[in-house]
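Chains, contacts and geometry: an overview
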Amino acid sequence: MNDPIGDMLTRLRNAGMRGKSTVMVPASKMRVRVLEVLADEGYIRGFEDTKDERGHPAIEVSLKYFEGAPVIREMKRVSKPGRRVYMGVDDIPSVRQGLGVSIVSTSKGVMSDANARSQNVGGEVLCTVF
């Protein structure tokens with residue numbers, strides 16, 4: 001797999017469209033950091049470490065719904081393995097005039113665009129969520 005973050009976003013998107021309450025994704029430190037940001041911003045209920053059917057480490061993500069519709073309406077991968085996108089603190093995009101969130105990998109960790117602006121750091125824009 002060349003793009004683990006893109007794979008996780010696709011799994012979350014597909015599970016939301018199917019109305020699933022939970023989805024399993026393979027475990028990695030970067031995925032956990034992105035899921036922490038999604039949980040802090042209120043896009044998912046939470047997640048916990050577990051093992052898949054073959055005994056490999058996995059993460060079980062609990063999706064969040066509002067009035068029967070998934071809270072996550074749109075997810076886009078910005079920085080891809082073939083084209084990395086780095087931005088300074090002044091250039092980090094605001095998603096839907098602040099209604100959405102950009103997830104940024106900075107030297108101080110993975111955080112939302114608002115946290116990156118408050119800590120005055122830029123970095124790689126991983127994805128946008130609305």
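Okay, so let's go over this structure. Along each chain, residue indices are assigned from 1 in the same order as the chain's sequence is written. This being a predicted model, a pLDDT of at least 70 is required before a residue's local features are given, and a value of 80 or more before pairs of side-chain atoms are given or counted; all residues contribute to the totals for chains, interfaces and linings. Side-chain metrics rest on all non-hydrogen atoms present in the structure, leaving aside hydrogens and water.

Looking now at helix α1 (residues 4-18). Helix and strand assignments come from DSSP, with helices taken as H or I runs of at least 4 residues and strands as E runs of at least 2, each series counted from the N terminus. What a helix is expected to span follows from its residue count: subtract one and scale by 1.5 Å. Its 15 residues give α1 an end-to-end C-alpha distance of 21 Å, which sits within 8% of 21 Å, the value for a rise of 1.5 Å per residue. Among the residues making up α1, those that are buried are Ile 5, Gly 6, Met 8, Leu 9, Leu 12, Ala 15 and Gly 16. One or two positions beyond α1, positive phi appears at Gly 19, with a value near 80°. Relative accessibility under 20% of the residue-type maximum defines a buried residue, over 50% an exposed one, and the middle range a partly exposed one, all with a 1.4 Å probe and only protein chains included.

For the largest pocket, the calculated volume is near 150 Å³. The pocket and cavity definitions rest on a 1 Å grid over protein atoms only: a 1.4 Å probe that fits but cannot leave marks a cavity, an open set with protein on both sides within 12 Å along at least five of seven lines marks a pocket, and residues lining either have an atom within 4 Å of a point. Around the largest pocket sit 13 residues that line it, and Leu 12, Arg 13, Gly 16, Pro 70 and Ile 72 are the ones nearest its centre. If one sorts the elements of the lining of the largest pocket by residue count, α1 sits on top with 4 residues. For the lining of the largest pocket, the class distribution of residues is 8 nonpolar, 1 polar and 4 charged. Grid points are joined across faces, edges and corners, and a volume is the space filled by probe spheres set on the points. Residue type decides the class: Asp, Glu, Lys and Arg count as charged, Ala, Val, Leu, Ile, Met, Phe, Trp, Tyr, Cys and Pro as nonpolar, and the leftover types, Gly among them, as polar.

Let us now look at the packing of α1 against helix α2 (residues 29-40). Axes, fitted as lines to C-alpha atoms, cover a helix only where it is in contact. Angles between the N-to-C directions of the axes lie from 0 to 180 degrees. For the pair α1 and α2, the least separation of the axes is 10 Å and the interaxial angle reads 45°. One way to sum up the angle between α1 and α2 is to call them oblique. As α1 packs across α2, the resulting crossing turns out to be right-handed. Contacts between α1 and α2 involve Pro 4, Ile 5, Asp 7, Met 8 and Leu 12 from the former and Met 30, Arg 31, Val 34, Leu 35 and Leu 38 from the latter. By definition in this entry, angles of less than 35 degrees are roughly parallel, angles greater than 145 are roughly antiparallel, angles of 65 to 115 are roughly perpendicular, and the rest are oblique. In this scheme the crossing of two helices becomes right-handed for a clockwise turn of the near helix relative to the far one and left-handed for an anticlockwise turn of less than a right angle. Two residues qualify as a contact provided that any one of their heavy atoms is within 4.5 Å of a heavy atom in the partner residue.

General note: in soluble globular proteins, nonpolar side chains tend to be found buried as a group. Formed by 25 residues in total, the largest nonpolar core has its most connected members in Leu 12, Val 34, Leu 35, Leu 38, Val 61, Ile 103 and Val 129. Listed by contribution, the elements that provide at least two residues to this core are α1, β1 (22-26), α2, β3 (57-63), β8 (101-106) and β10 (123-129). Beyond its immediate sequence surroundings of up to four residues, Val 61 is in contact with Leu 12, Ser 21, Thr 22, Val 23, Val 25, Leu 35, Ile 44, Gly 46 and Phe 47. We call a set of buried Ala, Val, Leu, Ile, Met, Phe, Trp, Tyr and Cys residues a nonpolar core when their side-chain atoms join them within 4.5 Å. By size, the runner-up hydrophobic cluster in this structure holds 5 residues, among which are Ile 92, Met 111, Ala 116 and Val 121.

In a regular helix each residue adds 1.5 Å, so 12 residues correspond to 16 Å; α2 covers 17 Å between its end C-alpha atoms and thus fits that length. By the burial criterion, the buried members of α2 are Arg 31, Val 32, Val 34, Leu 35, Val 37 and Leu 38. With its phi angle positive at about 85°, Gly 42 sits one or two positions after the end of α2.

With respect to the element layout, Arg 77 can be found in strand β6 (residues 75-77). A polar atom in the side chain of Arg 77 sits 2.5 Å from the backbone oxygen of Ser 79. A distance of 3.1 Å separates the side chain of Arg 77 from the backbone oxygen of Leu 126, its partner in a polar contact. When residues no more than four places from it in sequence are discounted, the contact partners of Arg 77 are Asp 3, Ile 5, Gly 6, Leu 9, Arg 84, Leu 126 and Cys 127. Throughout this description, a polar contact denotes any pair of N or O atoms lying within 3.5 Å of each other; where both atoms belong to protein, one of them has to be capable of donating a hydrogen while the other can accept it, and for residues adjacent in sequence the pair is counted only when both atoms sit in side chains.

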